[in-house]
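Structural features, examined
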Amino acid sequence: MITNSYETDCTLCPRECHANRITGTGMCGQGAEMRVAKIMLHRYEEPPVSGTRGSGAVFFCGCNLRCGYCQNAEISHGKSTGEVFTPVRLAEHMLALQEKGAHNINLVTAAHFVPRIAETLRIAKPRLTVPVVYNSSAYEKTETLRLLDGLVDVYLPDFKYLNSAAAKKYSFAEDYPAVAQAAVAEMIRQTGAYREENGIAVRGTIIRHLVLPTLSRDGEAIMRLIAERYKQARVSIMRQYTPSFNRTGDCALNRKVTTLEYNRVLNAAADAGLIGFMQDASSASSAFTPDFGK
């Protein structure tokens, strides 16, 4: 059972770094206090998430992965410290987003704050009339995800790799494939079959896969796995990889994904009978990344 011991001996995520987050920070780069980098109406998610009015996005500081190509690196493992939020204060901001017309409350990269997220949602949920979306890298422990059971309506996990060598090389997480499979299974267990109302996702799981240069074969394998194990979910095949964010030192990532590579993954999804979303080539631009300095 996970208790407040995570504050002094953190094992919330698969890293199990045992950090004392009251006196220091974990591998996620964060202490015990919940830090938020930006709260906004976000219009660049999947159509049933952004809708016509935008998703009520809450971007958290820190991340337990170390992806060397992260477009949000400024806040995920950069120098941005954000602002401390208590559960009560964050619940108020969630309700304010709802008042502004947000189609949902979208919690972006919150794995390292899950106990406080759960506390926040227990405060806000009785007054929310829009779904709660949990936007995740899928590098999460099922035990931690269970703290959100009944509080999250739609899960939006990445499925980055089945290739352990690539996971180690680009995200310093060789165990990512096994961890992500268990995490996605838990998310689907909690939310059941994907469902929309009036074009907006209200229940279920949308599994994202970002196609990377040279790794389209891995993407094909991921599509086949999703079709085999996660039939209740939808898929989102993303083409937005932008080489300007590459800090891996690997020249293989110094280019955009080719049409051939992207179509290879799309065709694998279609052949497997998957239903979901795609992106056009114009999405591979830093212009779609929020300005975290404002």
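Look up: the structure comes first, before these words.
The notes below deal with the structure included here. (Residues numbered from 1 in each chain as written. Predicted model: local features only at pLDDT ≥ 70, side-chain atom pairs only at ≥ 80, totals over all residues. Heavy atoms only, no water.)

1. With respect to the nonpolar core
Tyr 176, Met 223 and Tyr 230 are the most contacted members of the largest nonpolar core, which totals 41 residues. Among the elements of the structure, α6 (164-171), α7 (176-191), α8 (216-229), β9 (234-238) and α9 (259-271) are those that each provide at least two residues to this core. Once residues within four sequence positions are removed from consideration, Met 223 is found in contact with His 209, Ile 237, Val 265, Ala 268, Ala 269, Ala 272 and Leu 274. If you look at the next biggest cluster of nonpolar residues, it comprises 32 residues, including Leu 128, Leu 145, Val 152 and Tyr 155. (Core = buried A, V, L, I, M, F, W, Y, C linked by side-chain atoms within 4.5 Å. Buried < 20%, exposed > 50% of the residue type's maximum accessible area, 1.4 Å probe, protein only. Helix = DSSP H or I, 4+ residues; strand = E, 2+ residues; numbered from the N terminus. Contact = heavy atoms within 4.5 Å.)

2. Examining the packing of helix α3 (residues 87-99) against helix α4 (residues 114-124)
Following both chains from N to C, one finds α3 and α4 inclined at 55°, their axes separated by 8 Å at the closest point. Between α3 and α4, the angle is such that the two are oblique. In the packing of α3 onto α4, the handedness of the crossing is right-handed. Contacts between α3 and α4 pair Pro 87, Val 88, Leu 90, Ala 91, Met 94 and Leu 95 from the former with Arg 116, Glu 119, Thr 120, Leu 121, Ile 123 and Ala 124 from the latter. Looking at the contact of α3 with α4 residue by residue, the classes come out as nine nonpolar, one polar and two charged. (Axes fitted to C-alpha atoms, helices over the stretch in contact; angles between N-to-C directions. Parallel < 35°, antiparallel > 145°, perpendicular 65-115°, else oblique. Left-handed = near helix turned anticlockwise from the far one by under 90°. Nonpolar A, V, L, I, M, F, W, Y, C, P; charged D, E, K, R; others polar.)

3. What to know about the pattern of salt bridges
In total, this model carries 15 salt bridges according to the counting rule given. Arg 203 is the partner of Asp 153 in a salt bridge, and the nearest nitrogen-oxygen pair spans 3.6 Å. On the criterion of sequence distance, the pair formed by Asp 153 in the loop between α5 (142-145) and β6 (154-157) and Arg 203 in strand β8 (residues 200-210) is long-range, its members being 50 residues apart. (Salt bridge = Lys/Arg side-chain N within 4 Å of Asp/Glu carboxyl O.)

4. Description of the packing of aromatic side chains
Working definition: an aromatic ring pair is given by the centre-to-centre distance plus the angle between the planes. Counted under the stated rule, the structure contains six aromatic pairs. Both rings, one in Tyr 69 and one in Tyr 241, keep their centres 6.1 Å apart while their planes meet at 70°; by these two values the pair is edge-to-face. Here the residue Tyr 69 occupies a position in the loop between β2 (55-60) and α2 (73-76), and Tyr 241 occupies one in the loop between β9 and α9, the gap between them amounting to 172 residues. No difference in accessibility class separates Tyr 69 from Tyr 241, as the two residues are buried. Members of the aromatic cluster, connected to one another through ring pairs, are Tyr 69, Tyr 170 and Tyr 241. (Phe/Tyr/Trp six-rings, centres within 6.5 Å; stacked < 30°, edge-to-face > 60°.)

5. Quick notes on the side chain of His 209
With respect to the helices and strands, the residue His 209 is situated in strand β8. In terms of polar contacts, His 209 uses its side chain to reach the backbone carbonyl oxygen of Phe 159, at 2.8 Å. Beyond its immediate chain neighbours, meaning those up to four positions away, His 209 contacts Phe 159, Lys 160, Gly 219, Ile 222, Met 223, Ser 236, Ile 237, Met 238 and Val 265. (Polar contact = N/O pair within 3.5 Å; in protein donor to acceptor, adjacent residues only side chain to side chain.)

6. A few points about α4
For α4, the set of buried residues is Val 114, Pro 115, Ile 117, Ala 118, Thr 120, Leu 121 and Ala 124. Each element contacted by the buried residues of α4 is listed here: β1 (34-42), β2, α3, β4 (105-108), β5 (132-136) and α5.

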